[in-house]
Amino acid sequence: MSAHTFGVLFLGGVGLAVVVWVLHKLGRALASIAEALAATAVVFIALWSLIRAFVWVVKEIVTHPRTSLTVVAVASWCLWLGWLSLVVTATVVTAGLLSWRRFHLVSFDQWAGGPLRSWWFRWAVYMPKLPGWLHACGLSVKDDTVPVDVTVTLVGCKKINRDQQESRVHVPRVRRVKSGASWDEVRVVLVPGQKPEDFDEAARALASARKVSRCQVREVGPNVVSLDFQRRDLLAAPVQCPPLDEGRVDLRRVWAGRTEYGQDWHLPLYGSGSHTLVAGASGAGKNSVMWCPLVSIAPAIRDGLVRVSGIDPKGMELAYGRDIFHRYAVTPADALEVLNDLVTAMDTRKREFAGRVRAVPVSTDNPLELVEFDEIGALTKYTDRKTREAIIEKVALLTTQGRALGFTVRGYVQEPTKETVPVRELFPRRICLRVTAKSHVGMVLGDQAYERGAWANRIGESEAGTGYVWGEGIREPLRVRAGWVPDETVKALEAFVAGGSVVSLPGFEGGVAA
Ligand SMILES: Nc1ncnc2c1ncn2[C@@H]1O[C@H](COP(=O)(O)OP(=O)(O)OP(=O)(O)O)[C@@H](O)[C@H]1O
């Protein structure tokens, strides 16, 4: 080997050693940087996960406080006191609740049963199943717009168009579930693009999905509706009319029966919305709608604060309590005479009070004149033209001018067509009992009433006194059942208002000194 070759090899070797040394140093530096980066990433991811977990826990506590607190309480109990004591305590509490339920169902349901049932239905039924039912009933909104998703990576931003993905479906969110004795009220928050009317149309489909007979929709806020599912029928059994007593009478809120929510149903006999038209086929229970409020205001009739006039073309029903009525008519001519008398009294009152008061206060000098017009169609359709027109005119005068002057007309009809009752629209309050045709529902309660759940033509013959009312603080038709007034109670009422006798009524042991 020449000296030149040796020199080249030596320098090459030295150069290679330097390169290896530099690479070694660089590798170690890079490894340190990578290690530092990995450690930072692990810390970052751990911190991020912790923050997300914390946010999730806070969100769950805020949105489901009862459930979260129960879980925390149970976990804490097991941790500190052991599961055995938890089981023993749970058994004792359950036994206590069952005894409470056994001895006082109403207070139990109000304070414990209702909240527990609501909680259970929320978690077991409505949270898991309602979104699917709503979607199946066409109550979801598809996200068909094309927004852009932006994904941030370490090396920059990457845009992904959503049309590459499956489009999203927005379903109304369950906000609250309140479970009553017979109804579940499920409040849902509408998604943008929906309106409460969409739910009205799907009410029947929702009822089928929930496997119940009825679903009603109420608008409780601009973007919140309550879907009310009827789990059982609280009006299946006859509603007892309360006994006659000396209790305070409020003529604007007279007890008339019960609602399908199990609450009291009141009717106004004086003031706004008091003129009432009750429609129902033969045997639908129109008379209980008439008699029950009269029983409720018995002391006011007896004391002369309410004067009842009866028009009874059949000459049977009202005749049974003849002495209750200040004026009474059977024939068309007599009916016209009674109506003439009432219109004259109204005109006198008008002259006396015009410009002094906006509504005549009820007193013994100016009592509420209540007209009970049974089978109104018999006289407004099936009588001679002259009498018919005169009767229609008088009824129209009383219904249009009587409210502030203390005159109220309540009419009862079997066939609610315009030809039978031409003054139908002048009665602001309508009650539709069992009718024979679906079309009658709309005639009484207005368009869309049937579609919204007023299925009066489906009321069974055994459910006399049951019907629908419209617009009593509820968006949808409300099912009610009038209190049942047996014949003895009518006779007792007659004796009570006629005065001077001690009446004894079913369900009222003490009797009332009349
Ligand atoms: N609220 C009620 N609860 C239970 N049963 C009732 C009620 N109202 C009426 N009934 C029953 O239905 C029957 C018919 O009632 P009602 O005489 O009031 O019918 P209606 O509508 O006046 O019929 P019509 O027009 O033929 O006189 C009653 O004899 C009674 O047995």
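An unreviewed UniProt entry lists the protein under the name Cell division protein FtsK, from Amycolatopsis acidiphila.

1. Examining the overall build of the protein
For the protein, the count of helices and strands is 13 helices and 21 strands. Residue burial in the protein is summarised as follows: out of 514 residues, 33% are buried. For the protein, the share of sequence-separated contacts (at least 6 apart) that also reach a separation of at least 24 residues comes to 64%.

2. Structural notes on helix 12 (residues 438–445)
Because an α-helix packs 3.6 residues into every turn, residues spaced three or four apart end up facing the same way. For helix 12, every residue scored as buried is listed here: His440, Val441, Met443, Val444 and Leu445. Around the axis of helix 12, the buried residues are gathered within 165 degrees of arc, so they sit on the same side. Residues of helix 12 that are exposed and point over 90 degrees away from its buried face: Lys438 and Ser439. Check the buried side of helix 12 and you find it contacts strand 12 (276–279), strand 17 (429–433) and strand 18 (466–469). Just downstream of helix 12, Gly446 is the residue with a positive phi angle, here 105 degrees.

3. Some words on helix 3 (residues 83–103)
With 21 residues, helix 3 ought to run about 30 Å at 1.5 Å a step, and its terminal C-alpha atoms sit 30 Å apart, in line with that. With respect to burial, helix 3 is a largely exposed element, only zero of its 21 residues being buried.

4. A few points about the pairing of strand 7 (residues 214–221)
Direction of pairing for strand 7 relative to strand 8 (residues 224–230): antiparallel, over a ladder of seven bridges. Residue pairing across strands places Gln216 opposite Asp228, the latter belonging to strand 8. Between the antiparallel neighbours strand 7 and strand 8 lie two residues.

5. Some thoughts on the site of the ligand
Residues in close proximity to the ligand total 15 residues, the closest being Ser282, Gly285, Asn287, Ala464 and Gly465. Listed by contribution, the elements that provide at least two residues to the shell around the ligand are helix 7 (286–296) and strand 19 (478–484). Tallied by class, the residues present in the shell around the ligand amount to five nonpolar, eight polar and two charged.

6. Observations regarding the UniProt feature "transmembrane region" (unreviewed entry) in the protein
In the numbering adopted here, UniProt assigns the feature "transmembrane region" (unreviewed entry) to residues 6–24, 36–58 and 70–98. This span, residues 6–24, is 100% helix and 0% strand, and a straight line between its end C-alpha atoms measures 27 Å.

7. Structural notes on the confidence of the model for the protein
Residues with a pLDDT of 70 or more make up 91% of the protein, whose mean pLDDT is 86. Element-level pLDDT for the protein is lowest in strand 21 (residues 508–513), with a mean of 33, against a maximum mean of 95 in strand 15 (residues 368–373). Across residues 500–514, confidence stays below pLDDT 50; counting only partners more than four residues off in sequence or on other chains, it has 34 contacts. With a pTM of 0.68, the predicted complex shows an ipTM of 0.96.

8. Considerations on the sheet that holds strand 7
In spatial order, the strands read 5-6-8-7; together these four strands make up an open sheet with antiparallel pairing. The open sheet has two edge strands with one neighbour each: strand 5 (173–179) and strand 7. With strand direction ignored, the average angle separating the axes of adjacent strands in the sheet is 20 degrees. In this sheet, strand 8 lies alongside strand 6 (residues 183–189) in antiparallel orientation, the contact comprising seven bridges. Along strand 8, the bridge assignment pairs Trp183 with Gln230. Sitting on the sheet, helix 6 (residues 203–210) touches strand 7 and strand 8, and the angle it makes with strand 7 is about 120 degrees.

Cut-offs used in this document
- Residues numbered from 1 in each chain as written.
- Predicted model: local features only at pLDDT ≥ 70, side-chain atom pairs only at ≥ 80, totals over all residues.
- Helix = DSSP H or I, 4+ residues; strand = E, 2+ residues; numbered from the N terminus.
- Buried ≥ 20, exposed ≤ 12 C-beta atoms within 10 Å, placed from the backbone.
- Contact = placed C-beta atoms within 7 Å.
- Arc of directions from axis to C-beta.
- Expected span 1.5 Å × (residues − 1).
- Pairing = 2+ DSSP bridges.
- Near = placed C-beta within 6 Å.
- Nonpolar A, V, L, I, M, F, W, Y, C, P; charged D, E, K, R; others polar.
- UniProt positions renumbered as here; feature names shortened; annotations may be inferred.
- pLDDT = per-residue confidence, 0-100.
- Axes fitted to C-alpha atoms, helices over the stretch in contact; angles between N-to-C directions.

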